[in-house]
Amino acid sequence: MSSQVLFSNAFGKITKEIINDEIEVIAIEHQSGKASVSLYGGHVLDWQPEGHQPVFWLSRTTAYQSGKAIRGGIPICWPWFGPNLDTNGVNGGNHGFARNNHWQLIDSQVDENEVKLVLEFTGEGKHQLWPESFILRQELTIGDVFTQRMSMTNLSSKSVEYSSALHSYFAVSHPQYTHVNNLSEALFDDKITQNKAQKDQLVNCVGPIDRIYYSSTEQEIIDDKWQRKVVINSKNCQQWVLWNPGAEIAAGMDDIHPEGEDEYVCLEAANTQWQTIEAGQTVSVEQKVTVTNL
């Protein structure tokens, strides 16, 4: 692995690390903490504010190669969430193509409080199920607080539809000791049982669990063992997706290291249903993450 310092000052440093012929990672060291972002997939890999455990989980066995999504961090699900079927009923690939393409770093700034990165992925004809011309941009702010804003510009002459998720893998001591209490007040669709519009008390986050909650309110991941609270706010997202595969399913996934499912809970700011972007228009989704001790 080789590296190149892109920027350095008294507050922090930005380095490009060449993982292999296909993967480049932007590594951030700042007085507020550290983070890294893969240009493949425009994928936030980790963030660890000073004085805290890592906030995002990353599998030790994920494949860093083109054509395969990175397991952990924050995969970008776009321009569709979940499967997308063609006219013959064949799935065109889960969660779209943004997470399987290379992005460009177009701007970076470091000041006393934070690091800002701007990443961009643009093109036309990237997939037969979504051939339109577009610009996808991420604005990342990394400091004591983490923010991620994804803007989508429709460059075509007609309206387009998309769905999306910021598929965050949050590191936890164990799902058994983890609670997301505010979700207990929201209706959800259970993707495992196929039951719709359910409501119950969410005792913990032990898998298998795969639910789409119809809520846009602030959520708190309470970790009793680590004695911390992770607060997530979203903008322009209509749902939260809560997912952990559980031991049996994870055992069949070679990109989750042994017992890795006991180290994270996915809570995703999402629009799981089709949204419209008019011709020439830009829409955006956003999440803000803060961490405090209990």
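How each quantity is defined
- Residues numbered from 1 in each chain as written.
- Predicted model: local features only at pLDDT ≥ 70, side-chain atom pairs only at ≥ 80, totals over all residues.
- Heavy atoms only, no water.
- Pairing = 2+ DSSP bridges.
- Helix = DSSP H or I, 4+ residues; strand = E, 2+ residues; numbered from the N terminus.
- Axes fitted to C-alpha atoms, helices over the stretch in contact; angles between N-to-C directions.
- Salt bridge = Lys/Arg side-chain N within 4 Å of Asp/Glu carboxyl O.
- Buried < 20%, exposed > 50% of the residue type's maximum accessible area, 1.4 Å probe, protein only.
- Phe/Tyr/Trp six-rings, centres within 6.5 Å; stacked < 30°, edge-to-face > 60°.

J.: Help me understand the sheet that holds strand 2 (residues 12-18), please; the structure alone is not making it clear to me.
T.: Think of a sheet as strands paired side by side through backbone hydrogen bonds, with each pair either parallel or antiparallel. Strand order in this open sheet of 5 strands is 1-2-3-4-5, and the pairing throughout is antiparallel. Of all strands in the sheet, those bounded by a partner on one side alone are strand 1 (2-8) and strand 5 (43-49). If you compare each strand with its neighbour and ignore which way they point, the axes differ by 15 degrees on average. In this sheet, strand 3 (residues 24-30) lies alongside strand 2 in antiparallel orientation, the contact comprising 7 bridges. Within strand 3, the position partnered with Ile14 by the bridge is Ile28.

J.: How should the pattern of salt bridges be read in this particular structure?
T.: Two side chains with opposite charge may pair up if their charged atoms get near one another. A complete count under the given rule lists 10 salt bridges for this structure. Between Arg71 and Asp255 there is a salt bridge whose closest N-O contact spans 3.2 Å. Taken together, the residues span a long stretch of sequence, with Arg71 in the loop between strand 5 and strand 6 (76-77) and Asp255 in the loop between helix 1 (246-251) and strand 19 (264-277) at a distance of 184 residues. Assessed through its relative accessible area of 15%, Asp255 is described here as buried. Between Glu139 and Arg149 there is a salt bridge, with its nearest N and O atoms 3.3 Å apart. Taken together, the residues span a long stretch of sequence, with Glu139 in strand 9 (residues 134-143) and Arg149 in strand 10 (residues 146-154) at a distance of 10 residues. When its relative accessible area of 31% is taken as the criterion, Arg149 is described as partly exposed. What you see here is one network of salt bridges that share partners, running through Glu139, Arg149 and Glu286.

J.: Would you explain the sheet that holds strand 16 (residues 219-223) in this entry?
T.: With antiparallel pairing, 8 strands are arranged side by side in an open sheet as 7-8-9-10-20-17-16-13. Taken across any chain shown, the strands that pair with only one partner, and hence form the sheet edges, are strand 7 (104-110) and strand 13 (178-179). Relative to strand 9, strand 8 (residues 114-123) is paired through 10 bridges, and the arrangement is antiparallel. By the bridge assignment, Leu117 is partnered in strand 9 with Leu140.

J.: Help me out: how do you make sense of the packing of aromatic side chains in this one?
T.: Any pair of aromatic rings gets described here by the distance separating the centres and the angle formed by the planes. Enumeration according to the criterion identifies 19 aromatic pairs in this entry. Between Phe97 and Phe134, the ring centres sit 6.0 Å apart and the planes meet at 50 degrees, which makes this aromatic pair tilted. Note that Phe97 is positioned in the loop between strand 6 and strand 7 and Phe134 in strand 9, a separation of 37 residues in sequence. Centre to centre, the rings of Trp103 and Phe121 are 5.7 Å apart; their planes meet at 35 degrees, and the pair counts as tilted. Of the two residues, Trp103 is situated in the loop between strand 6 and strand 7 and Phe121 in strand 8; the sequence distance between them amounts to 18 residues. The exposure classification of Trp103 matches that of Phe121, with both residues buried. Through successive ring pairs, a cluster of aromatic residues spans Trp78, Trp80, Phe97, Trp103, Phe121, Trp130 and Phe134.

J.: Any chance you could explain the pairing of strand 3 here in plain terms?
T.: Strand residues, when the strand is regular, have side chains that alternate between the two faces of the sheet. Here strand 3 lies mainly inside the structure; 5 of its 7 residues are buried. The antiparallel hairpin formed by strand 2 and strand 3 contains 5 residues in its connecting segment. When strand 3 meets strand 4 (residues 33-38), the two strands line up antiparallel, connected through 6 bridges. Looking at strand 4, one finds that Ile28 is bridged to Ala35.

Purely geometric stuff here, so don't read any function into it on its own.
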